[in-house]
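# Structural characterization, general
Given next are the chains, with one letter for each unit.
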Amino acid sequence: MTDYMETPKQITFTLHCSEEDENSGNFPVITKGYAPDLELVEEYPEQTTFENSYRLKPEEGKKFPVIKIRKACLDILEEELRGVCYSPSRCSELSRKLSGMMKDYLKQLDLPRYKIVAEVIIGEASKSSLAVSSMYLCNPVNDSFASVNFRNSSLYALAIVHGIYVP
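Calculation rules
Counting restarts for each chain, with residues numbered from 1 along the sequence as it is written. At least 70 in pLDDT is required for a residue's local features to be given in this predicted model, at least 80 for side-chain atom pairs to be given and counted, and no such filter applies to totals for whole chains, interfaces and linings, which use all residues. Just so you know, side-chain values use all the structure's heavy atoms and leave hydrogens and water out. For every residue, the accessible area obtained with a 1.4 Å probe (protein chains only) is divided by the maximum for its type, and the residue is called buried under 20%, exposed over 50%, and partly exposed between those limits. Under the DSSP-based scheme used, a helix requires at least four consecutive residues in state H or I and a strand at least two consecutive residues in state E, with every element numbered from the N terminus. A strand pair is defined by DSSP finding two or more bridges across the two strands. Here an axis means a line fitted to C-alpha atoms, over the contact stretch when the element is a helix, while the angle between two N-to-C directions is reported on a 0 to 180 degree scale. Note on convention: the crossing is left-handed when the near helix lies turned anticlockwise from the far helix by less than a right angle, right-handed when the turn is clockwise. Note on definitions: a residue-residue contact is assigned when non-hydrogen atoms from the two residues lie within 4.5 Å. Under the convention adopted here, Pro, Cys and the residues Ala, Val, Leu, Ile, Met, Phe, Trp and Tyr are nonpolar, Asp, Glu, Lys and Arg are charged, and Gly plus all remaining residues are polar. Helix span is expected to be 1.5 Å times the residue number reduced by one. Comment: arc refers to directions from the helix axis out to C-beta atoms.

## Section: the pairing of strand S4 (residues 144-151)
Side chains Ser144, Ala146, Val148 and Phe150 of S4 all project onto a buried face; the interleaved residues Phe145, Ser147, Asn149 and Arg151 project onto a face where none is buried. Summarising the sheet, S4 and strand S5 (residues 155-165) pair through eight bridges and their orientation is antiparallel. Residue pairing in the sheet places Asn149 in a bridge with Leu158 of S5. Remark: three residues form the turn of the hairpin made by S4 and S5, two consecutive strands paired antiparallel.

## A look at the packing of helix H2 (residues 66-81) against helix H3 (residues 88-108)
The geometry of H2 relative to H3 is characterised by a closest axis approach of 10 Å and an angle of 145° between their N-to-C directions. Considering the relative orientation of H2 and H3, their crossing is right-handed. Between H2, through Lys68, Ile69, Ala72, Cys73, Ile76, Leu77, Glu80 and Leu81, and H3, the contact on the second element is made entirely by Leu94, Lys97, Leu98, Met101, Met102, Tyr105 and Leu106. Residue composition of the contact of H2 with H3, grouped by class: 12 nonpolar, no polar and three charged.

## Re H3
Between its terminal C-alpha atoms H3 stretches 31 Å, which fits the 30 Å expected from 21 residues at 1.5 Å a residue. Within H3 the residues assigned to the buried category are Cys91, Leu94, Ser95, Leu98, Ser99, Met102 and Leu106. The buried residues of H3 occupy one face: seen down the axis, they fall within an arc of 130°. Away from its buried face by more than 90 degrees, H3 exposes Ser89, Glu93, Arg96, Lys107 and Gln108. Those residues of H3 hidden inside the fold are in contact with H2, strand S3 (114-124) and S5. With its phi angle positive at about 55°, Asp110 sits one or two positions after the end of H3.

Keep in mind that these numbers describe shape and distance, not what the molecule does.
Shown next as structure tokens:
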């Protein structure tokens with residue numbers, strides 16, 4: 001008894017017959033055995049198998065560029081907040097918009113496997129002080145952050161961008 005372990009493949013055949021057979025309605029019948037008129041037309045393509053890369057640290061030259069990100073975040077804050085007066089409802093929308101702009105900029109840098117978290121805090125400039133802290137679990141070798149401050153006559157803004165490497 002023969003045991004076949006290979007899975008069957010679906011094959012498409014083209015049957016060639018003469019015009020006179022076609023017109024008379026006499027089509028060739030495929031039976032078991034030798035069929036010289038059959039031609040192999042198409043077979044399923046081979047499947048590509050992907051394997052995990054197990055990359056535990058970023059590629060050379062693809063680390064989180066803190067200085068470049070700091071400069072870009074400061075440019076975004078200065079451009080968007082120059083001459084803006086503090087208003088709680090407007091600044092709420094502005095902080096979402098600014099954090100989105102920072103994330104979009106970082107996506108253009110093509111930092112593979114980095115999870116980006118951008119946070120922008122905008123408050124009214126007054127004589128009182130404010131302390132902001134931000135904590136996250138990180139690997140100091142691969143993960144980093146950039147923070148930037150901006151101030152004008154009526155408001156202050158703090159932007160923090162975290163880059164967390166996900167292996």
